[in-house]
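# Geometric and topological summary
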Amino acid sequence: MYPTLFISHGAPNIILGNSKSKKNIEKLGTKLSMPKYIIVVSAHYVTRGLKIINPTANKIMYDFYGFEDELYNVQYEIKSEEFATFDIVEKLKAQNIDISIDESRQSYDHGVWNVLSMLYKNLQIPVIQLSLPISYSLEELVNLGEKLKQFKDEAMIICSGGITHNLGGMSYSNEVKKYAYDFNEKVKKIIENGDESNILDLTKDENFYKNHPSAEHFLPLYVAFGSAFDKKGKSVNSEFQYSNISMESFAFDFEG
């Protein structure tokens, strides 16, 4: 069985620097055995219903602006696959999950490729991306994760987002903002304890909207949690960047 990862991916240019988070994610990659393929959910591919990327997808997109010129020249080989795509669609539909192939989605957003490029310098296996269905309730996102468990004998599941994501509150101060620190600690405690009874209440926390003016970066965590056999996640990276951006990341069903 392969693990599930939730990675707080931070800014796209994380791959150019030498931050603690980059080093920890690279180190995590050395501990991962290679699955047959990867299933990934990113905060940067949001649809109303559940979609799956075109099985002919084989390139990355530079879906950001205002960064170093070097970042727009990064190349990373990545591709989908027809067999795994149709297998996932068929098996999810058999479990009453409505899903369709997104013919227009031909490339991978930075929430996918910047994470994968830190985990794997060279990736020789298919990457099957599912959208983040924004119409789903939290319970439905957890249920989607539950349905993805069936693929973990062959596939690793990676969910890419952020424990905090308030870009308007960022600064270059070394002091972490209290609303971000407190919320991060609460999430970390819930995940490390496998607290199924309280994870659904996190969006009601007084600090949630201070950290998430929009929820899409937090929601992949529910898919990750649902896909875990052992709900107790292990923190594999802890760092704050720009005073309020938590890079906290978790591995579930992971012995490393």
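So, here is what we can say about the structure in this document.

Rules used throughout
Residues numbered from 1 in each chain as written. Predicted model: local features only at pLDDT ≥ 70, side-chain atom pairs only at ≥ 80, totals over all residues. Heavy atoms only, no water. Buried < 20%, exposed > 50% of the residue type's maximum accessible area, 1.4 Å probe, protein only. Helix = DSSP H or I, 4+ residues; strand = E, 2+ residues; numbered from the N terminus. Core = buried A, V, L, I, M, F, W, Y, C linked by side-chain atoms within 4.5 Å. Contact = heavy atoms within 4.5 Å. Phe/Tyr/Trp six-rings, centres within 6.5 Å; stacked < 30°, edge-to-face > 60°.

## Points about unusual backbone geometry
With a phi close to 75 degrees, Ser243 is a non-glycine residue in the positive phi region. Residue Ser243 is classed as buried on the basis of its relative accessible area, which comes to 3%. A positive phi angle is found at Asp253, which is not glycine, with a value near 55 degrees. Tracing the chain through its elements places Asp253 in the segment after strand E12 (249-252). Assessed through its relative accessible area of 13%, Asp253 is described here as buried.

## Notes on the nonpolar core
In terms of nonpolar packing, the biggest core is built from 43 residues, with Ile88, Leu130, Phe218 and Tyr222 touching the most fellow members. The contact partners of Ile88, leaving out residues within four places of it in the chain, are Tyr37, Ile39, Ile52, Ile128, Leu130 and Phe151. Of all hydrophobic cores here, the second largest spans 36 residues; its members include Tyr76, Ile78, Ile158 and Ile245.

## A look at the environment of Met1
Here Met1 lies in the segment before strand E1 (4-8). Residue Met1 is classed as exposed on the basis of its relative accessible area, which comes to 55%. The spatial distance from the C-alpha of Met1 to the C-alpha of Ile191 is 20 Å, given a sequence separation of 190 residues. Apart from the residues within four sequence positions on either side, Met1 is in contact with Lys152, Asp153, Phe229 and Asp253.

## A look at the packing of aromatic side chains
The final tally for this structure, using the stated rule, is 13 aromatic pairs. Pairing Tyr62 with Trp113 gives two aromatic rings, centres 6.0 Å apart and planes at 75 degrees, and the pair type is edge-to-face. Remark: Trp113 occurs in helix H3 (residues 110-119) and Tyr62 occurs in the loop between strand E4 (59-60) and helix H2 (82-94); sequence separation between them is 51 residues. With relative accessibility at 29%, the residue Tyr62 sits in the partly exposed group. On the accessibility criterion, Trp113 (0% relative accessible area) is buried. Residues Phe64 and Phe67 carry aromatic rings whose centres are separated by 5.7 Å and whose planes lie at 90 degrees to one another, so their mutual orientation is edge-to-face. Owing to a relative accessible area of 10%, Phe64 belongs among the buried residues under this scheme.

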